[in-house]
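Listed here are the chains, written in short residue letters.
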Amino acid sequence: MTSSTWVPENSTVAQLWQRQVMERGGHEFLVYEDADTSNIARFTYREFDARVNTCANALVARGVEAGSRVALYLDNCVEAVPFSAGVATLDVESFSSATAPGVCPSAPCELGRIMGLCEAQMLITCVNNLGEVLSHLPESVTDIVAVGEGISGDEAGVDVSLLADLRAGASDSFKSNPDVGPMDAFEILFTSGTTSAPKGVIITHANFVFSGVFVNWELGMNAEDRYMTSMVAARVNLQLSALAPVLTMGATLIMLSRYSATRFWREAREHRATLVQGMAMIVATLMRQPVDPEERNHQVREMHYFLPLSAKEKNAFEERYGVTLLNNYGSTECLIGAITDPPHGKRRWPSIGQTGPGYEVRVVDCQGTELPEGEVGELLLHGVPGVSLMAGYWNNPEATAEVLTEDGWYRTRDFAYIEDGWVYFMDRRVDLIKRSGESVSSAEVECTIDSLDGVREVAVIGVPDGVRGQAVKAFVVAKPGAGLGPQTIIDHCEERLASFKVPSYVEFVEELPRGSYGKVKKQLLATS
């Protein structure tokens with residue numbers, strides 16, 4: 001077992017925000033770029049405070065008070081940030097669900113289910129989402145506020161108020177609720193639901209502040225940093241790994257309306273970003289862009305990266321773009337990259353890093369017995385619920401008890417092993433394939449196939465096998481003109497993997513199904 005210690009700052013999000021407004025009022029807080037129009041909006045801490053306060057006053061005027069439940073269903077937009085801060089000043093429970101127009105058609109239906117579970121009373125959404133959302137509203141929602149222009153309540157067929165109208169007459173000063181404490185709920189973030197129905201993760205004020213200070217340490221941040229992200233605003237990566245550390249440090253957040261492979265690195269250069277968030281999809285698509293003679297002329301010192309990636313891809317990206325990848329591992333339940341590369345010193349790719357401050361890590365077998373170094377088992381994380389771990393799942397004590405023990409051990413349901421204090425991720429439990437009693441890591445097989453020239457993307461799953469329990473099947477996206485066939489893939493794997501890990505089936509596809517956050521939806525492959 002490896003561990004580290006951490007004592008978090010004891011403050012609320014509202015107190016943190018007010019302190020930064022006082023101390024960093026003239027410093028640039030937010031730069032927002034709309035990928036569709038190229039319009040850019042800039043705000044200092046003091047300027048943005050006025051937006052936060054008018055939003056808070058607009059909510060109060062609509063009857064929102066301490067204990068109210070507000071659902072946020074917003075694209076990456078400027079308003080997504082002040083509403084998060086605004087509800088923090090009111091002690092309001094906000095429920096965030098990501099939008100995914102054109103990517104996840106079931107999202108509005110899923111939103112309706114989430115709002116019903118939460119008994120949300122108000123919905124704040126974008127004008128362009130109203131048509132999809134209105135037919136899925138639960139009875140509990142009695143008020144709708146729309147962000148944007150071009151529609152009135154009469155046109156929508158329901159009572160819809162435009163945010164611009166509500167803010168027009170609202171005061172730009174506001175006094176936050178003094179009764180809010182660090183352990184009170186700040187927001188409920190819904191998981192992406194890659195392997196099961198989305199669950200609401202309760203994030204406290206202490207969670208938010210802890211996350212910010214943790215990432216400040218992890219990335220070696222300073223107050224002049226400019227942190228760029230294109231992650232979904234309602235997801236934990238933007239909320240706790242980007243927004244939170246910017247606020248705790250008093251730095252600058254550069255938020256893009258969406259990711260665009262053709263624009264991302266140019267945006268990083270033009271906005272003078274010093275840190276950027278990345279994931280496998282971003283690295284892969286950036287590597288497909290034509291080489292720009294100016295692409296190494298940037299100020300980015302680190303890409304805050306979330307696994308997985310082969311060593312070949314990592315090395316090629318770092319060499320081409322002249323930036324290092326800081327690998328880390330986490331989930332919504334443990335807030336941030338609790339296991340991470342250190343900010344300074346040696347790193348051991350493909351290790352996901354070492355235990356970060358405030359956590360303990362151990363690997364156990366199916367009976368819960370701790371395993372010695374080098375043996376693969378389930379990864380457990382220890383922290384403080386409500387501080388370094390989620391407070392629990394919203395209104396779901398049974399699901400909370402399944403993954404979080406009373407003494408603070410979180411069952412990740414992922415497989416890993418530890419070697420010399422470094423943690424090596426093997427696979428998600430749901431992605432672990434059981435073949436003739438042997439455990440096959442789909443991630444290992446994917447990395448092996450990905451190393452073959454001509455392979456663009458690959459996903460590996462287990463499929464039913466009447467004799468062996470499960471067989472290994474690979475779905476491969478080949479590069480144009482690669483000339484690959486199933487036997488080429490199998491031969492490549494046979495040279496590099498144990499026989500029980502070699503795919504029995506190979507299927508070539510045009511693309512892999514992905515969710516709004518870029519994760520491959522393997523459950524769809526399993527039913528294809």
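Along each chain, residue indices are assigned from 1 in the same order as the chain's sequence is written. Owing to the predicted nature of the model, reporting of local features is limited to residues with pLDDT of at least 70; listing and counting of side-chain atom pairs is limited to 80 or more, with chain, interface and lining totals taken over all residues. Heavy atoms from the whole structure form the basis of all side-chain values; hydrogens and water molecules are not counted.

**Overview of the nonpolar core**
Moving on, step 1. Here the nonpolar core consists of buried residues drawn from Ala, Val, Leu, Ile, Met, Phe, Trp, Tyr and Cys, with membership extended through side-chain atoms lying within 4.5 Å. For every residue, the accessible area (1.4 Å probe, protein chains only) is compared with the maximum for its type, and the residue is labelled buried under 20%, exposed over 50%, or partly exposed between those bounds. If you look at the biggest cluster of nonpolar residues, it comprises 105 residues, and the most contacted ones within it are F29 and I124.
Moving on, step 2. Among the elements that make up this core, the one with the highest residue count is helix 9 (residues 236-249) (eight residues).
Moving on, step 3. Contacts between residues were defined by any pair of non-hydrogen atoms, one from each residue, lying within 4.5 Å. What I124 contacts, discounting residues up to four positions off in sequence, is L59, V70, A71, L72, Y73, L74, F83, V145 and V147.
Moving on, step 4. Within the second largest apolar cluster, 18 residues are counted, among which are V460, V476, C493 and L497. Helical segments are the DSSP runs of H or I of at least four residues, strand segments are the runs of E of at least two, and each set is numbered from the N terminus.

**Points about the packing of aromatic side chains**
Moving on, step 1. Note on ring pairs: Phe, Tyr and Trp rings are taken, using the six-membered ring of Trp, and paired if centres are within 6.5 Å. Classes follow the plane angle, with under 30 degrees stacked, over 60 edge-to-face and the rest tilted. Across all of its chains, the model carries 18 aromatic pairs by this definition.
Moving on, step 2. Taking 5.1 Å as the distance between ring centres and 70° as the angle between the ring planes, the aromatic pair formed by W17 and F29 counts as edge-to-face. You can see W17 sitting in helix 1 (residues 13-24) and its partner F29 sitting in strand 2 (residues 28-33), a full twelve residues away along the chain. For the pair W17 and F29, one class covers both residues: buried.
Moving on, step 3. Residues F29 and Y45 carry aromatic rings whose centres are separated by 4.9 Å and whose planes lie at 50° to one another, so their mutual orientation is tilted. Of this pair, F29 sits in strand 2 while Y45 is found in helix 2 (residues 45-61), placing the two residues 16 residues apart along the sequence.
Moving on, step 4. A residue is classified by how much of its surface remains accessible, and F29, at 1% relative accessible area, is buried.
Moving on, step 5. The class of Y45 is buried, set by a relative accessible area of 0%.
Moving on, step 6. By the ring-pair criterion, three or more aromatic residues cluster together here, those being W17, F29, F43, Y45 and F48.
Moving on, step 7. Throughout this description, the term charge over a ring refers to an Arg CZ or Lys NZ atom that lies within 6 Å of the ring centre and within 35 degrees of the ring normal. Over the face of the ring belonging to Y393 we find K199, whose NZ or CZ atom lies 5.3 Å from the ring centre.

**Remarks on the environment of S211**
Moving on, step 1. If you trace the backbone, S211 turns up in helix 8 (residues 205-218).
Moving on, step 2. With relative accessibility at 0%, the residue S211 sits in the buried group.
Moving on, step 3. Separated by 124 residues in the primary sequence, S211 and L335 have C-alpha atoms spaced 6.6 Å apart.
Moving on, step 4. In contact with S211, other than residues within four places in its own chain, are L240, A244, L335 and I336.
Moving on, step 5. Pairs of N or O atoms are called polar contacts if they sit within 3.5 Å, as long as, within protein, a hydrogen donor faces a hydrogen acceptor (for residues adjacent in sequence, only side-chain-to-side-chain pairs). A distance of 2.8 Å separates a polar side-chain atom of S211 from the backbone oxygen of N207.

**Focus on the pattern of salt bridges**
Moving on, step 1. Note on definitions: salt bridges are taken to be side-chain nitrogens of Lys or Arg within 4 Å of carboxyl oxygens of Asp or Glu. Tallied over the full model, the rule gives 23 salt bridges.
Moving on, step 2. Between D225 and R301 there is a salt bridge, and its shortest N-O distance comes to 2.6 Å. Taken together, the positions of D225 in the loop between helix 8 and strand 11 (226-229) and R301 in the loop between helix 11 (280-287) and strand 14 (302-306) put the pair 76 residues apart, joining distant regions of the chain.
Moving on, step 3. Judged by its relative accessible area of 1%, D225 falls in the buried class.
Moving on, step 4. Residue classification places R301 among the partly exposed positions, given a relative accessible area of 34%.

**A short note on the packing of helix 11 against helix 12 (residues 311-321)**
Moving on, step 1. In contact at an axis separation of 10 Å, helix 11 and helix 12 are set at 60° when each is read in the N-to-C sense. Between helix 11 and helix 12, the interaxial angle falls into the category oblique. The crossing of helix 11 and helix 12 is left-handed. In this structure, helix 11 contributes V283, L286 and M287 to the contact, and helix 12 contributes A316, F317, R320 and Y321.
Moving on, step 2. Partitioning the contact of helix 11 with helix 12 into residue classes produces six nonpolar, no polar and one charged. With axes taken as lines fitted to C-alpha atoms, and helix axes fitted only over the stretch in contact, angles between N-to-C directions fall between 0 and 180 degrees. When describing relative orientation, an angle under 35 degrees is termed roughly parallel and one over 145 degrees roughly antiparallel, while 65 to 115 degrees is termed roughly perpendicular and anything else oblique. Helix crossings are classified by the rotation of the near helix relative to the far one: an anticlockwise turn of less than a right angle makes the crossing left-handed, while a clockwise turn makes it right-handed. Residue classes follow a fixed rule: Ala, Val, Leu, Ile, Met, Phe, Trp, Tyr, Cys and Pro count as nonpolar, while Asp, Glu, Lys and Arg count as charged, and any other residue, Gly among them, counts as polar.

**A short note on the sheet that holds strand 3 (residues 40-44)**
Moving on, step 1. Pairing between strands requires that DSSP locate at least two bridges from one strand to the other. Reading across the sheet, the nine strands line up as 3-2-12-11-13-14-15-16-17 and stay open at both edges, with mixed pairing between neighbours. Where the open sheet ends on each side, the last strands, each with one partner, are strand 3 and strand 17 (354-355).
Moving on, step 2. Contacts between helix 2 and the sheet are confined to strand 2 and strand 3, with strand 3 contributing the most and set at about 100° to the helix.
Moving on, step 3. Helix 9 contacts strand 2, strand 11, strand 12 (252-256), strand 13 (275-279) and strand 14 of the sheet and is inclined by roughly 165° relative to strand 11.

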